[in-house]
Amino acid sequence: MGWRLITNKEENPLEIVPGSHIGNISDYHRHRYKQGIAEGVKDIPPGVALPLESNLAYMNGISFTKGCYIGQELTARTHHTGVIRKRLLPVQLSAPLPLGSIPEGAAILTESGKSAGKYRAGGDELGIALLRLANINEPLHINLPGDTSVNLTAAIPNWWPKTTNK
């Protein structure tokens with residue numbers, strides 16, 4: 001995800017990290033959506049989102065060796081059985097859309113109209129969505145107001161751990 005620096009005002013971040021550039025917030029969100037990285041309550045709604053579905057274990061955001069936290073038993077059991085049917089994934093829309101034109105939580109459907117997941121957030125032609133892994137290679141779409149729809153494709157990010165066949 002790049003670098004985040006806290007420096008004194010007089011320091012130049014470009015000298016601290018050679019070859020870097022300073023981006024703006026929209027660059028940051030575009031990069032985050034391309035990588036399928038969730039951030040904040042919009043992407044990980046409290047009481048709705050599960051840590052494993054939000055890929056928090058892939059980012060070392062869950063400890064399976066310490067602590068007591070709400071949902072620990074379910075999270076640990078799901079992790080150790082290895083059965084996670086839905087995950088937050090980067091999606092690419094067939095056309096750029098104005099910000100807010102897809103409602104948060106909009107249903108993502110397969111060609112046959114079966115629910116494949118929910119749209120969480122995005123901008124222009126990029127976004128993130130909670131999708132059933134069984135449906136990610138199918139043609140998917142979101143119905144929009146006014147009898148229109150937008151097609152989307154999902155991808156598994158290259159930073160995810162590679163699965164091994166046991």
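Scroll up to find the structure this text is about.
Just so it is clear, the structure is predicted and the values come from calculations on it, not from any experiment.

Draft legend 1. Molecular detail of the sheet that holds strand E4 (residues 140–144). In spatial order, the strands read E1-E3-E2-E4-E5; together these 5 strands close into a barrel with antiparallel pairing. Looking at each pair of strands side by side, their axes are set apart by 50° on average, direction ignored. Where E4 lies against strand E5 (residues 148–154), 5 bridges are found, and the strand directions are antiparallel. Bridge pairing in E5 places Leu144 opposite Thr148. In this fold helix H2 (residues 25–35) packs onto strand E1 (86–97) and strand E3 (115–132), with an angle of close to 150° to the strand it touches most, E3.

Draft legend 2. Expanded view of the packing of aromatic side chains. Tallying each qualifying case throughout the model produces 2 aromatic pairs. Ring geometry for Tyr58 against Trp159: centres 6.3 Å apart, planes inclined by 90°, an arrangement best described as edge-to-face. Here Tyr58, found in the loop between helix H3 (40–43) and helix H4 (72–81), pairs with Trp159, found in the segment after E5; they are 101 residues apart in sequence, far enough to count as distant. Judged by relative accessible area, which is 28%, Tyr58 ranks as partly exposed. Overall, the relative accessible area of 26% leaves Trp159 in the partly exposed class. Of the aromatic side chains, those joined through ring pairs into one cluster are Tyr58, Trp159 and Trp160.

Draft legend 3. Focus on the nonpolar core. Of all hydrophobic cores here, the largest spans 19 residues; its most connected members are Ile102, Ile108, Leu131 and Ile142. Those elements giving two or more residues to this core turn out to be E1, E3, E4 and E5. Discounting residues that sit within four places of it in the chain, Ile142 has contacts with Ile102, Ala106, Ala107, Ile108, Tyr119, Thr148, Ser149, Val150 and Leu152. Membership of the second largest hydrophobic core comes to 7 residues, among which are Tyr33, Ala38, Leu126 and Leu130.

Draft legend 4. Just the pairing of strand E2 (residues 107–110), in detail. Summarising the sheet, E2 and E3 pair through 3 bridges and their orientation is antiparallel. The residue bridging Ala107 from the neighbouring strand is Lys118, located in E3. Where E2 folds back on E3, the antiparallel hairpin that results is connected by 4 residues, among which Gly113 adopts a positive phi of roughly 95°. Bridging between E2 and E4 involves 2 bridges; their strand directions are antiparallel. Within E4, the position partnered with Leu109 by the bridge is His141.

So, how was this worked out
Residues numbered from 1 in each chain as written. Predicted model: local features only at pLDDT ≥ 70, side-chain atom pairs only at ≥ 80, totals over all residues. Heavy atoms only, no water. Pairing = 2+ DSSP bridges. Helix = DSSP H or I, 4+ residues; strand = E, 2+ residues; numbered from the N terminus. Axes fitted to C-alpha atoms, helices over the stretch in contact; angles between N-to-C directions. Contact = heavy atoms within 4.5 Å. Phe/Tyr/Trp six-rings, centres within 6.5 Å; stacked < 30°, edge-to-face > 60°. Buried < 20%, exposed > 50% of the residue type's maximum accessible area, 1.4 Å probe, protein only. Core = buried A, V, L, I, M, F, W, Y, C linked by side-chain atoms within 4.5 Å.

Keep in mind that these numbers describe shape and distance, not what the molecule does.
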